[in-house]
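Survey of secondary and tertiary structure
Okay, here's what each chain looks like letter by letter:
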Amino acid sequence: MVERKLLVLFGSQTGTAEDTAERIGREAKRRHFQCRVEALDSYDVADLISELLVVFVCATTGHGDPPDNMKMFWRFLFRKNLPPGSLCQLDYAVLGLGDSSYPKFNFVAKKLHKRVLQLGGNPLLPVALGDDQHDLGPDAVVDPWLLALWDKILALYPLPPGLEIISPDVRLPPKYTLHYLAEDSPYPDGGLLQPTAPRAVPSELHPFAARVVSNQRVTAESHFQDVRLIEFDVTGSGITFSAGDVVMIQPQNCPEDVQQFCQLLRLDPDRRFVLKPTEPGTPLPALLPQPCTIRHLVTHYLDISCVPRRSFFELLSYFSTNELEQEKLQEFSSAQGQEELYSYCNRPRRTTLEALWDFPHTTCAIPPEYLLDLIPRIRPRAFSIASSVLAHPDRIQILMAVVRYKTRLSKPRRGLCSTWLASLNPEQGDVQVPLWVKKGGMKFPADPDTPVIMIGPGTGVAPFRAAIQERVAQGRRGNCLFFGCRQKSKDFYCQAEWEELVTKGFLMLFTAFSRDQEEKVYVQHRIQENRRLVWELLSSRSAHVYLAG
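Residues numbered from 1 in each chain as written. Predicted model: local features only at pLDDT ≥ 70, side-chain atom pairs only at ≥ 80, totals over all residues. Heavy atoms only, no water.

1. Quick look at a nonpolar patch on the surface
- A surface patch of nonpolar side chains, amounting to about 310 Å² of accessible area, comprises Trp 535, Leu 538 and Val 545.
- For Leu 538, the position within the fold is in helix H18 (residues 531-541). (Patch = residues over 30% accessible without salt bridge, like charges linked within 9 Å, V, L, I, M, F, W, Y side chains within 5 Å. Areas by Shrake-Rupley, 256 points an atom, 1.4 Å probe, with all protein chains shown as cover. Salt bridge = Lys/Arg side-chain N within 4 Å of Asp/Glu carboxyl O. Helix = DSSP H or I, 4+ residues; strand = E, 2+ residues; numbered from the N terminus.)

2. Some points on the sheet that holds strand E9 (residues 227-233)
- Ordered by their spatial adjacency, six strands build an open sheet running E13-E10-E17-E8-E9-E14, and the pairing between neighbours is antiparallel. For this open sheet the edge positions go to strand E13 (381-384) and strand E14 (395-401), each flanked by a neighbour on one side alone. Strand-to-strand twist of the sheet, defined as the mean angle between neighbouring strand axes without regard to direction, takes the value 40 degrees.
- Summarising the sheet, strand E8 (residues 208-217) and strand E17 (residues 432-438) pair through four bridges and their orientation is antiparallel. (Pairing = 2+ DSSP bridges. Axes fitted to C-alpha atoms, helices over the stretch in contact; angles between N-to-C directions.)

3. Description of the side chain of Gln 338
- Examined against the element boundaries, Gln 338 turns out to sit in helix H9 (residues 338-346).
- Only 3.0 Å separates the side chain of Gln 338 from the backbone oxygen of Phe 332, close enough to count as a polar contact.
- When residues no more than four places from it in sequence are discounted, the contact partners of Gln 338 are Leu 136, Asp 139, Arg 310, Phe 332 and Ser 333. (Polar contact = N/O pair within 3.5 Å; in protein donor to acceptor, adjacent residues only side chain to side chain. Contact = heavy atoms within 4.5 Å.)

4. A short note on the sheet that holds strand E12 (residues 292-293)
- As summarised here, the arrangement of the three strands in space is E7-E11-E12, forming an open sheet in which the pairing is antiparallel. Looking along the sheet, the strands with just one partner apiece sit at the ends: strand E7 (176-180) and E12.
- The sheet contact formed by strand E11 (residues 272-277) and E12 spans two bridges and is antiparallel. Residue Phe 273 lies in a different strand from E12, and its bridge partner there is Cys 292.

5. A word on the pairing of E17
- Judged by how many residues are buried, E17 sits mostly within the fold: five of seven residues are covered.
- When strand E10 (residues 246-249) meets E17, the two strands line up antiparallel, connected through four bridges. Bridging from a neighbouring strand, Val 247 pairs with Val 437 of E17. (Buried < 20%, exposed > 50% of the residue type's maximum accessible area, 1.4 Å probe, protein only.)

6. Description of the domain arrangement of the protein
- When the domains of the protein are assigned, the result is domain 1 (5-156), domain 2 (208-251 + 380-438), domain 3 (255-374) and domain 4 (452-547).
- Placing the centre of domain 1 and that of domain 2 at their C-alpha centroids yields a distance of 35 Å. (Domains from an automatic or database assignment.)

7. What to know about the UniProt feature "domain: FAD-binding FR-type" (unreviewed entry) in the protein
- In the numbering used here, UniProt assigns the feature "domain: FAD-binding FR-type" (unreviewed entry) to residues 205-445.
- The span residues 205-445 carries 29% helix and 21% strand; its end-to-end C-alpha distance comes to 32 Å. (UniProt positions renumbered as here; feature names shortened; annotations may be inferred.)

8. Considering the side chain of Asn 253
- Take Asn 253: it is sitting in the loop between E10 and helix H5 (255-264).
- Residue Asn 253 is classed as buried on the basis of its relative accessible area, which comes to 2%.
- Engagement of the side chain of Asn 253 in a polar contact is seen with the backbone oxygen of Leu 302, the distance being 2.8 Å.

This is how it looks when you write it as structure tokens:
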């Protein structure tokens, strides 16, 4: 009997590819496959030569780039010295998730499909090109493609005699079981903010707890938008960065939401538990201490403020004891119900917590061990670093707009990370934020004589503030900045700093204040007015041009 083993590998940036990979994993379990679902970079790529059946699920980010959690895999796969037949025993399929409004639509999936084919792999199906722009989202392509995929796979690996596909009416076991500890149990506490391993450079698995030094509003109180300049102390972290790099921040839920969530699900926030994988070999969630309190799980791990996906409603429908609620949940998780789900969830940006309010009978019946299957983890947020080490040693500054907007729901929508960061007041004691630094996509010229033209309207000016501080500290003069905002008196960030550099001859500054006169003026108008200067910098001085929004 051939071993019925399936490996699902995903490369995911925002979590959609991971969600789809988990869905394939669940469908595999219903068909009695031994199935592992893993991020491409957590998988030892050298093992690929011994795999027989793999489904790749990958998103495309930016300008046709692979997601962060598959970058090492990508570099390995495209090594010139890999022998052409090295994957000849592999049956595979590639599912891509992209957005057709970008020129390099699903570039990563197409390129991966072609490369595995070159290395001798046998494709079960043509590559699936999921499209965010479709009215029904990527599922319009994914649903029929998966049906065809299972036909192909079951033809190669039929069900063992006497076994049927587990019916969709049957609930699958959770990924982990949750074991509560007795109040007085001597179980050693994992320490909730686990200390970083000595001298390890901070990363997603080992963030640095940076102290907030200052949190200052840089827009006028009368301005509709709240924008902050926040400074973190990274002394002793081992973090190094240069202009154009990005700081990753791991946010948390606010105490009111955590309390509401625990009340809705009838959970005691102070109960301690340990997790055990249901199937041997499943790794525990890396960012959760063991043991852990319910409060820590809900505050730091479960993304209760994200807009729930289709898979959330599908799993929720199994816990429902109320016929009306169950019918609605089943509709939301069906292919036919996707437009309805879009207008319930995505259009008004309804959060997971709000959706749980709408299904009270189901919510209070959710078994706690299913929480990690039901709700994704909180993803880190990326911010351009707005300061230079040369001007502010041991410090990182960010320029951040607090996200707040209205939809048809009565309560304004708020960004999880920006609302949390804006609420932190360093004057009320020691406030710490888990962070680490990532290389950014912008590289500034090494040659001191190369001028730079920077176009940074609004908070898009952040990376250019870092670059200008860095270049001024190195004595470089060819700095030209086009900055745009609404009103000079309300949202002209870092005005005094720019004006001082203009006076000292380090900066050429062109501003566009769109609402300060009858007709609107934007940065493109200022570029056009100064076209001679721009052309002179480009043609005779080989200037580099940078644009950030």
